[in-house]
Amino acid sequence: MTPFPCCRLKRWGLNCYMYAPKDELKHRLLWREPYTQHEAAQMQSLIKTAQEHGVEFIFAISAGQDIVFSSAGDRLLLQQKLRQVAALGCGAFALLFDDIDPCLCRADTDVFPSLAQAQASVANEAYRELGLPATFLFCPTEYCSSLCSPSPAQSRYLQTLGRELLPEIGVIWTGPKVVSQELSVALVEEVEHVLQRRLLIWDNLFANDYDCRRIFLGPYTGRAPGLMPRLCGLLLNPNCELQANFIPIHTLGTWFHSELQGCACTDSTGGRTPLQSSTGCEEEAGLHPGTAGGQEALLGPQPCDTAPSGADQHEPEPCDVTPGNRKRKATSVPEEGNGSRASTGGPWSPAEDRGRLASGSRASCEPSSALPITAGSDRSAGAPVADETLHSLGTAVCCSSRASTCQSAPLDSGDVRERGSSPPGSPQPGASTADVLQIPSGSRADPSPGPISQLVDGATTSPVPTALLANGTAISPVPSVPLISEEAGSDSGAPLTVEEVWMLVELFYLPYHHGPQAQHLLEDLRWLRANGPSMGVPSRSPDSCVVAQWRSRARSFGQLCAQVCCLHSRFVRSAGQALLYDLHPYLWDIRNLLLAASAFVLWLDGRLLCDPEHKGTWGSCFSWCQSITAPLFPGEDAEPWVRRGGLFGDLQALLPVGNSCDLFCHPPPLFPSRQLYLLRPLLPQDKGKLYQMFREGLDGEPSTVEVLASHPDLLGDRVLGSFLSLSPEYTFVLEDEGGPCGYAAGALCAERFLQERDSSWLPAMQRRYPRELGVLGQGVLEEALLFFHTKPVAVPLPVLRRFPSLVQLDTAPRVQDVGASRSLAVSLLSALRANGSRGVFCQVSAADHRQLSFYSKLGFVALPLPCPSSPGTQLLGRLL
């Protein structure tokens, strides 16, 4: 912890920090070992820094995994470890017995009748040996209602602790569950009656160490008003990523401040004693080498006496802050003058307070002597975010409301639907504003697809890929890529706008709730999947109401996906380094999945190839939509780790490949790319640009130039020609600002595809490119010509039976982001899986190490069956 975070904690009205990193070996696994001289010096520096800023430092140790409670040696080692830290200046301690085996070893069963008595004996002895410190906490093994058997009121373990544990020792509690969605006064009163003392809440609402794909940026919410007077303190267990905790901790401090104001108001009207000044503490990463993300945060009044009883239980007494375990939570903050904002139940909707993010005044950094002043506490208690922090979080805006260069057209009226209120700045179905990514209407036909608009000052919308239906109606299958407005384009490092910050927060909201825009993404994808079968292949009736409604909602979904992609680019462009590296992996994951999901939705439309006489492959995908039920989402009683991946997991479950996408897990790029990508199905106009991509990078030898001048399609036909001729409906194109930069092509039935290729397509290519073409000794061109005149490789029948589909993917050398390649693969595999494929394979030259590496990163593995007719060819496959 550095002085700056400590100062920030104090500024926000928080006053306590618990050091309990599970990844520090001497905190848990090697708890018996004392700190070395170097480690002790670091710990002392940390303790001193906290004290200098008025933040109480609590040292926690977790010895429960292997301690022998009856062993005098283990007891002595534990006390020596605590005394070593006490000698460094620490005066507050915690013993943690959470997440351990509840059974006693044989040696302990001979001495102690129960686990609770063994733990209480060790805790009481350590408390006395330390000289009865003012703050001494105990985390029980049954630390939430769901872990109590059969219930908190009837738990013998808790009842024994209440009797045996010294009354000055505070007990930590997480609520109804490990990660509690709500905390009520009634529950607190029930447990404090059993434990015979006030509780210290260890709130895990923002803890994300159980899921590497989830992070929580939403506000502290779900805690009942009037809760703090019932507690001796509250600890917040934050995100592992330090920079992600601004809103959680800021709103925690604001909530606590409002609780103090509520107590003061009650005192003026009901004769209750107001709480004294106290602040909460928040976790900061990097306290100790190897402990980043392992610290705990605390807020609240400290325990000051023994358990209240009778009428005294309702007397809030002056308290100090007491630390708790590593679990924290988020609660809504009641608006000043309006108690209705502090609900005990539902989540705090960001739509209600979005405006406050930008309009609040800057608060004082120093708390008053009477009450803690949190940043933003002088405005209405919503989701206060200091202006200075908004700047640090931010980047420039993609499309500003003041930008006159953004072209847009209204969506179809069929897109208007009931969805509840949308927050300001979020995409409004059926509306068209410059703040929202827009989709050109189908009234403008542009025969040639253009590249993504360049992100330059004053740029205007470049041509968007279009196609013509059989009846001549123009369609625009992909949303236009947003431009940077003149204002934002003048400073590429401008901070994120309030709307962009809100979108970021809503994508990664809270454990049990998605933000409104994230919820819109899920609702749209569920609806498009569920209602796709009613369309069939719509080319024969493009004006039907059902088709229009489906396409309108598909455009809305694509629009929101494009906004997220733009947000990713903007975030990489202008976020601070610390914030970027903390949040980029999560935003990168969502960006990649939405690229694939939007392309798959466009593919479901089935009209992009404009073939009025479809071959039937398009229609069969709708049978998948009809036969596959909606994904099963866990009930409200489940802990949040059951919902693997959060928004990413929920969206992924709606794709045909489902959980097989997990094979694509690999780390984000070391150097994040701000490149904007567009992923979509093949358009008729794409062939020329894809073939141009294959010609890039060839040497400029006169002989090569001469051959390509007379046969410009030679390389393209070799690489992609068979797929474009025989299976174009399973081809996807990746675009960046320079045009097509990648492709993914496939054949649903590889056996039939290979037969057609060998019997009809290859003879046509042999006539087009005769052997006498004169490319001998010219490397790639020679290999392409030999491909047409060499007997094709025979794929073993076991491969065709287990991996019935053939795929081919590649990207241009300029594509350095492996996430874009992953999105290409997910979109193609989703299309193949939707039509019943259970496995795919590809053919790669054994000497082509770049391609072998490329496919391995996409989850392909080498198949053990060699190709007998071509020992130089390697078969790679993966199941779906």
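In this report, we go over the structure that sits alongside the text. (Residues numbered from 1 in each chain as written. Predicted model: local features only at pLDDT ≥ 70, side-chain atom pairs only at ≥ 80, totals over all residues. Heavy atoms only, no water.)

### Some remarks on the pattern of salt bridges
Next up, step 1: In total, this model carries 24 salt bridges according to the counting rule given.
Next up, step 2: Notably, a salt bridge pairs Asp-810 with Arg-850, separated by 3.0 Å at the nearest N-O pair. Taken as a pair, Asp-810 in strand β14 (residues 805-811) and Arg-850 in helix α26 (residues 849-857) lie far apart in primary sequence, 40 residues in all. (Salt bridge = Lys/Arg side-chain N within 4 Å of Asp/Glu carboxyl O. Helix = DSSP H or I, 4+ residues; strand = E, 2+ residues; numbered from the N terminus.)

### A closer look at the packing of aromatic side chains
Next up, step 1: Enumeration over the complete set of coordinates arrives at 20 aromatic pairs.
Next up, step 2: Look at Tyr-17 and Phe-57: their rings are 6.3 Å apart centre to centre, the planes differ by 15 degrees, and that puts the pair in the stacked class. Here Tyr-17, found in strand β1 (residues 16-19), pairs with Phe-57, found in strand β2 (residues 56-61); they are 40 residues apart in sequence, far enough to count as distant. There is no split in this pair, since Tyr-17 and Phe-57 are both buried.
Next up, step 3: Pairing Phe-723 with Phe-753 gives two aromatic rings, centres 5.0 Å apart and planes at 20 degrees, and the pair type is stacked. Placement of the pair is Phe-723 in helix α21 (residues 714-726) and Phe-753 in helix α22 (residues 750-768), with a sequence separation of 30 residues. Comparing Phe-723 with Phe-753, the two get one shared label, buried.
Next up, step 4: Ring pairing ties together the aromatic residues Tyr-17, Tyr-19, Tyr-35, Phe-57 and Phe-59, which thus form one cluster.
Next up, step 5: One residue, Lys-81, lies across the ring of Tyr-35, its end atom 4.9 Å from the ring centre.
Next up, step 6: The aromatic ring of Phe-787 is capped on one face by Arg-718, whose charged end is 3.9 Å from the ring centroid. (Phe/Tyr/Trp six-rings, centres within 6.5 Å; stacked < 30°, edge-to-face > 60°. Buried < 20%, exposed > 50% of the residue type's maximum accessible area, 1.4 Å probe, protein only. Lys NZ or Arg CZ within 6 Å of the ring centre and 35° of its normal.)

### A word on the pairing of strand β15 (residues 839-845)
Next up, step 1: The buried fraction of β15 is high, at five of seven residues.
Next up, step 2: When β14 meets β15, the two strands line up parallel, connected through two bridges. Bridging across to β15, Ser-805 finds its partner in Val-840.
Next up, step 3: Once the chain exits β14 it traverses helix α25 (residues 818-834) before rejoining the sheet at β15, and the crossover so formed is right-handed.
Next up, step 4: Examined bridge by bridge, β15 and strand β17 (residues 873-879) share seven bridges and lie antiparallel to one another. When the sheet's bridge partners are listed, Val-844 is paired in β17 with Gln-874. (Pairing = 2+ DSSP bridges. Right-handed = clockwise from strand over helix to strand, strands pointing away.)

### Points about the environment of Leu-683
Next up, step 1: Turning to its location among the elements, Leu-683 is positioned in the loop between β11 (678-681) and α19 (686-695).
Next up, step 2: Separated by 49 residues in sequence, Leu-683 and Phe-732 have C-alpha atoms that sit 8.8 Å apart.

### A look at unusual backbone geometry
Peptide bonds are trans in most cases, and residues, glycine excluded, mostly fall at negative phi.
Next up, step 1: Geometrically, the link from Ser-149 to Pro-150 is a cis peptide bond, its omega value of -5 degrees lying close to zero.
Next up, step 2: Its place among the elements puts Pro-150 in the loop between β4 (135-139) and α6 (156-164).
Next up, step 3: In this structure, Asp-99 is a non-glycine residue whose phi angle is positive, near 55 degrees.
Next up, step 4: With respect to the helices and strands, Asp-99 occurs in the loop between β3 (92-96) and α4 (106-109).
Next up, step 5: A positive phi angle, near 60 degrees, is found at Gln-196, a position not held by glycine.
Next up, step 6: With respect to the helices and strands, Gln-196 occurs in the loop between α7 (185-195) and β6 (199-203).

### What about the side chain of Gln-517?
Next up, step 1: You can see Gln-517 is positioned in helix α14 (residues 516-531).
Next up, step 2: Exposure remark for Gln-517: the relative accessible area of 2% places this residue in the buried category.
Next up, step 3: Polar side-chain contacts of Gln-517 include one of 3.1 Å to the side chain of Glu-506. (Polar contact = N/O pair within 3.5 Å; in protein donor to acceptor, adjacent residues only side chain to side chain.)

### Structural notes on the nonpolar core
Next up, step 1: In terms of nonpolar packing, the biggest core is built from 191 residues, with Phe-57, Phe-59, Leu-507, Leu-809 and Phe-841 touching the most fellow members.
Next up, step 2: When residues in this core are grouped by element, the largest group, 16 residues, is from helix α16 (residues 577-605).
Next up, step 3: Once residues lying within four places of it in the same chain are set aside, the contact partners of Phe-841 are Ala-750, Val-795, Val-799, Leu-800, Phe-803, Ser-805, Leu-806, Val-807, Leu-863, Leu-875, Leu-876 and Gly-877.
Next up, step 4: Counting residues in each nonpolar core, the second largest holds 20 residues, with Ala-20, Leu-96, Tyr-143 and Ile-172 among its members. (Core = buried A, V, L, I, M, F, W, Y, C linked by side-chain atoms within 4.5 Å. Contact = heavy atoms within 4.5 Å.)

It is worth stressing that arrangement in space is one thing and function is another; only the former is reported here.
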